[in-house]
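Close look at the chain arrangement
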Amino acid sequence: MYAYAGKILRVDLTTGKISTEPLTEELAKQYIGGIGLGIKLLMDNSKPGTDAYDPDNPLIYMTGPLSGTMGPTGGNSYAVVSKSPATGGIGNGESHGFFGPDFKRAGYDAIIITGKAPKLSYLWIDDDKVQIMDAEHLKHFTVYQTDKTIRQELGDFYIRVSAIGEAGEKLCRFAAIINDEFRAIGRSGMGGVMGSKNLKAVAVRGTKDVNVADMPKFREFVKLIYERMKGPATKKYKTLGTPENVLVLNSLSALATRNWTNATFEGANKVSGEYLNEHYVKKIVGCATCGMRCDHIAVVPEGPYKGSISRLEFECLWSMGPLCGVDRLDAIIEAMRIVNEYGMDGISIGVVVAFAMDCYEHGVITKEQTDGIELNFGNAEALIAIIHKIGKREGWLGNALAEGVAKAAEIIGGDAYKYACHIKGLELPGYDLRTLKTAALGFSVSFRGACHLRNGAYSPDVKGKVNRFKIEAGRGKMITDESKMYNIIDSLIVCKFSRGTYYDGWKDLANYYTLATGIPMTVEEMALAGDRIENLARLFNIREGKGTRKNDTLPWKIKNVPVPDEGPAKGVCVNEEEFQVGLADYYASRGWSPEGIPTVEKLKEVGLGDLAYIAEKAEQGGN
Amino acid sequence: MVRPQDRKFVTADPEKCIGCVVCEYACSMVNENTFNPNKSRIRAMRMGPLTNLAVTCRHCEDPACVAACPKDALSQEENSGIIRVDENACNGCGWCIAACQFGAMNMHPEKKVVFTCNSCTDNPDKEPQCVKWCPEEALTFVTAEQLAQKSRQKAVQNLFQTAETPK
Ligand code: SF4
Ligand code: SF4
């Protein structure tokens with residue numbers, strides 16, 4: 001096998017036992033790598049019903065088959081898969097930067113971490129030498145301090161570190177794992193799982209070669225992709241970047257504002273991509289082996305947050321900006337910086353704060369409970385103050401909010417559930433689902449909870465390919481088809497920003513895979529693998545009691561509060577009837593039962609017949 | 001006969017380089033037929049998101065590495081300025097690594113002798129591949145005089161605030 005390392009590393013933090021085992025070519029081909037293979041390893045290495053924070057819940061670090069090659073974006077990636085403390089189902093995230101290639105060069109396709117270290121520790125992987133190191137002195141260090149200190153004490157600038165901050169140590173349910181300062185395994189609380197294992201960081205140095213099967217042809221193919229990355233498919237990311245979405249979504253009445261109270265933001269021009277780039281962006285940089293570059297590095301030039309510096313993307317700008325009613329970019333940049341320091345998901349944190357603001361404005365929580373913070377929409381100082389409290393789990397409210405909106409609403413009680421905007425326990429990302437209804441359906445069925453990156457269902461709505469104010473038959477198939485592609489993108493772990501450069505879609509990706517690995521792969525086989533991964537993830541969620549029709553829901557506000565803003569979207573929200581029609585359409589397009597459970601025939605078709613017992617049990621009313 | 005001032009070397013523009021290490025992968029690909037930055041003759045440094053630069057051998061006049069080598073394993077090619085390593089003589093002591101101000105001398109992870117930029121003269125491509133692959137067009141293969149001219153042009157342009165492009 002080429003490109004793959006052919007080896008899986010196992011670390012038991014409780015006993016300190018470290019071992020390796022081979023990765024078979026069969027498994028590699030069936031699940032590709034990244035989240036696909038990660039979900040397979042999670043399924044095979046966990047017992048049903050294990051709590052996400054139980055030492056037995058495996059935390060699985062993955063590379064992709066392309067990691068360590070010079071394939072643009074595929075070369076620089078890694079992923080993490082585990083049971084999510086936010087949803088109780090599949091948790092996963094992918095990150096680029098510089099960490100992934102060293103992890104592959106050290107000689108591993110995967111690391112399965114189980115157990116719990118007796119005290120705060122970090123894992124030091126120096127090629128074949130793997131050690132569990134003391135990290136007590138790194139307690140409550142920021143992600144960046146941790147990274148810097150580890151590299152200094154191990155004495156090598158080129159060591160790469162993937163770490164958690166204080167939030168992960170304190171089991172925040174939306175804690176992130178971060179590498180290279182600001183590249184995050186952000187969603188679904190993977191940092192919390194790491195914290196529950198007393199694991200502060202994974203540091204790697206890999207010095208081995210990564211070889212591809214057909215170097216001359218791989219070189220040619222990769223050169224072509226680098227050329228395509230010069231434009232036009234990647235223009236957006238290299239110019240305004242994703243913050244371009246602020247004005248686009250605002251014009252569509254799809255810019256969720258003040259916790260989905262409004263769908264347009266009166267301050268949009270002050271937080272737009274245009275304004276950000278003109279006043280704050282100093283330089284646009286990028287990850288290792290990437291021909292696009294998208295990291296808009298923003299620096300605050302003056303005022304109370306002078307000198308604050310952070311990378312800023314649309315999702316986080318939106319969550320801590322419009323969603324909280326905040327129209328000050330200096331405060332949003334500072335908020336982003338501290339969120340990265342604590343190591344939290346930049347989407348969830350904004351939704352959590354907006355939820356608390358909504359509760360505060362409706363008198364569901366009082367000024368006493370906020371420890372005196374005036375948590376009104378638009379209060380930028382309050383945003384920063386409450387982020388610190390959540391990161392530290394300080395005070396009653398800080399502690400409750402670190403649980404994420406779903407659990408916090410239970411703790412707060414009363415009407416709080418109405419303001420908790422999440423699906424399956426994961427906070428909604430930056431789209432107003434009332435006015436983007438394909439997205440509403442797509443997000444509700446995503447296996448990691450509210451997620452725009454499992455099937456990209458916002459795209460047909462935003463691009464005007466469908467009537468976005470309606471759910472109707474046919475949307476299910478769109479979501480199904482796209483989900484297969486997204487699963488492959490995250491299993492090869494190529495960056496989603498690069499998807500426009502694979503002009504021949506599946507054909508390009510299958511070719512890319514074969515040139516690197518030497519394993520023959522047809523377009524059909526690859527699409528089937530994408531479907532296999534989706535069905536496997538669904539089975540995992542079903543096994544954990546989180547994967548049937550009753551779990552595919554939408555937040556209260558999306559269904560009950562019509563858009564009040566003037567314009568074409570006025571009065572729109574998702575009604576239960578159309579939503580149920582959409583679910584039925586989706587399940588049918590997947591070959592799933594009306595309960596949203598994969599049928600035995602479907603499982604056999606995708607090569608998961610051995611797991612049919614999970615589906616059968618669920619159909620009979622068990623989990 | 002090439003005059004010393006005509007010697008070309010690879011240099012990175014600090015305003016353009018973003019530390020993406022594509023140059024490292026290109027170098028190891030063409031010179032070592034593998035992907036491994038540890039075997040690259042050019043290394044990019046990312047000190048922080050705003051501070052990035054790729055660095056390689058500048059083919060100095062009177063090179064410190066050659067002077068430092070106790071084994072006489074290094075020599076400078078007259079025409080190109082390329083530092084040649086006699087792999088039989090080099091014992092990997094690392095004096096040259098310490099002597100080079102640019103960190104352009106590297107220890108080969110397997111051969112245990114030093115290696116440095118050969119301007120791609122040892123591989124079939126014959127011209128510097130890092131320059132060809134850099135997505136930011138941050139790298140150039142230039143003489144010291146060309147670099148100086150570029151700086152002078154920029155300085156004068158700034159002074160006159162002119163958009164006129166140099167002839
Ligand atoms: S390829 Fe170019 S931009 Fe990237 S690190 Fe090398 S010189 Fe810098
Ligand atoms: S010129 Fe060739 S040998 Fe020298 S650093 Fe560039 S790619 Fe490597």
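Conventions we followed
- Sequence positions are assigned chain by chain, starting from 1 and proceeding in written order.
- Chains and ligands are labelled by the order in which they are written, letters from A for the one and numbers from 1 for the other.
- With the structure being a predicted model, the display of local features is reserved for residues of pLDDT at least 70 and the display and counting of side-chain atom pairs for 80 or more, all residues being used for whole-chain, interface and lining totals.
- Note that the side-chain values use all heavy atoms of the structure and ignore hydrogens as well as water.
- At least two bridges found by DSSP between two strands is the condition for calling them paired.
- Comment: elements are numbered from the N terminus, with helices defined as DSSP H or I runs of at least four residues and strands as E runs of at least two.
- Inter-axis angles, ranging from 0 to 180 degrees, are taken between N-to-C directions of lines fitted to C-alpha atoms, where helices are fitted over the stretch in contact.
- For patch building, the residue pool is restricted to those with more than 30% relative accessible area and no salt bridge; the joining distance is 9 Å between like charges and 5 Å between nonpolar side chains (Val, Leu, Ile, Met, Phe, Trp, Tyr).
- Using a 1.4 Å probe, the Shrake-Rupley method yields the accessible areas, and only the shown protein chains count as cover for residues.
- Salt bridge criterion: a side-chain nitrogen from Lys or Arg within 4 Å of a carboxyl oxygen from Asp or Glu.
- Any two residues whose heavy atoms approach within 4.5 Å at even a single point are treated as in contact.
- By buried area we mean the combined loss of accessible area, with a 1.4 Å probe, across both parts when two parts are placed together.
- Whenever a nitrogen or oxygen atom comes within 3.5 Å of another N or O atom, the pair is scored as a polar contact, on the condition that within protein one atom can donate a hydrogen and the other can accept it, and that pairs from neighbouring residues in sequence are kept only if both atoms are in side chains.
- The nonpolar class holds Ala, Val, Leu, Ile, Met, Phe, Trp, Tyr, Cys and Pro. Asp, Glu, Lys and Arg form the charged class, and all remaining residues, Gly among them, are polar.
- For this description, a residue counts as near a given molecule or strand if any of its non-hydrogen atoms is within 4 Å of it.
- Angles below 35 degrees are treated as roughly parallel, those above 145 as roughly antiparallel, those between 65 and 115 as roughly perpendicular, and all remaining angles as oblique.
- Segmentation of the chain into domains, including their bounds, is taken from an automatic or database domain assignment.

**Here we look at the sheet that holds strand S8 (residues 129–134) of chain A**
Strand pairing within a sheet occurs via backbone hydrogen bonds; the two strands may be parallel or antiparallel. Residue and element names in this part refer to chain A. Spatial strand order, S8-S7-S12-S9-S10-S11: six strands in an open sheet with mixed pairing. Only two strands of the sheet have a single neighbouring strand rather than two, namely S8 and strand S11 (183–185). Averaged over all neighbouring strand pairs, the angle between strand axes comes to 20°, with direction disregarded. Strand direction decides the pairing type here: strand S7 (residues 121–126) and S8, joined by six bridges, are antiparallel. Among the inter-strand pairings, Trp-124 is bridged to a residue of S8, identified as Gln-131.

**Examining a nonpolar patch on the surface**
Judged by side-chain polarity, Val-156, Leu-159 and Phe-160 of chain B come together as a nonpolar surface patch covering roughly 360 Å² of accessible area. Locating Val-156 of chain B in the fold gives a position in helix H5 (residues 144–160).

**Quick look at the interface of chain B and chain A**
Listed by partner, the interface residues are 35 residues for chain B and 37 residues for chain A. Note on chain B versus chain A: buried area summed over both sides is about 2,900 Å², and carbon and sulfur give 60% of it. Ranking the residues of chain B by area buried against chain A places Phe-35, Leu-50 and Trp-133 of chain B at the top, with a combined share of 24%. In this structure, the connection of chain B to chain A is made through three salt bridges. Where chain B packs against chain A, one counts 17 residue pairs in polar contact (both at pLDDT 80 or more). Where the side of chain B that touches chain A is concerned, the elements lending two or more residues are helix H1 (22–32), strand S2 (43–48) and helix H4 (129–133) of chain B. At six residues, the largest contribution of residues to the side of chain B that touches chain A is made by S2 of chain B. Counted by class, the side of chain B that touches chain A contains 19 nonpolar, eight polar and eight charged residues.

**Comments concerning the site of ligand 2**
All names here are of chain B. Residues in contact with ligand 2 amount to 13 residues; listed here are only the nearest, Cys-27, Asn-31, Cys-117, Cys-120 and Cys-130. Residue assignment for the shell around ligand 2 shows that the elements contributing at least two residues are H1 and H4. Of the residues assigned to the shell around ligand 2, the class counts are seven nonpolar, five polar and one charged.

**Quick notes on the site of ligand 1**
In the vicinity of ligand 1, 13 residues are found, and the nearest of them are Cys-17, Cys-20, Val-21, Cys-23 and Cys-134 of chain B. For the shell around ligand 1, the per-class residue count stands at 11 nonpolar, one polar and one charged.

**Focus: the packing of helix H20 (residues 475–492) of chain A against helix H22 (residues 523–543) of chain A**
Each packed pair of helices is defined by two parameters, the angle between the axes and the distance between the axes. Residue and element names in this part refer to chain A. Between H20 and H22, the shortest axis-to-axis distance is 8 Å and the interhelical angle comes to 90°. In terms of orientation, H20 lies roughly perpendicular with respect to H22. Of H22, the residues touching H20 (which contributes Ser-483, Lys-484, Asn-487, Ile-488, Ser-491 and Leu-492) are Met-526, Ala-527, Ala-529, Gly-530, Asp-531, Ile-533 and Glu-534. In terms of residue class, the contact of H20 with H22 is built from six nonpolar, four polar and three charged.

**Description of the domain arrangement of chain A**
For interface size, the figure often reported is the accessible area lost on association. Residue and element names in this part refer to chain A. Along its sequence, chain A is organised into domain 1 (7–205), domain 2 (236–427) and domain 3 (437–619). Averaged C-alpha coordinates put domain 1 and domain 2 at centres separated by 26 Å. With 33 residues of domain 1 at the interface, the matching set in domain 2 holds 34 residues. Together, the buried faces of domain 1 and domain 2 total about 2,600 Å²; carbon and sulfur atoms form 56% of this surface. The largest share of the area that domain 1 buries against domain 2 comes from Phe-174, Phe-182 and Arg-187, three residues that together contribute 31% of it. Here domain 1 is connected to domain 2 by three salt bridges. Of the charged contacts, one joins Asp-295 and Arg-183 as a salt bridge, the two residues approaching to 2.4 Å between their closest N and O atoms. At the surface where domain 1 touches domain 2, the tally comes to 18 residue pairs in polar contact (both at pLDDT 80 or more). For the side of domain 1 that touches domain 2, a count of residues per class yields 14 nonpolar, 13 polar and six charged.

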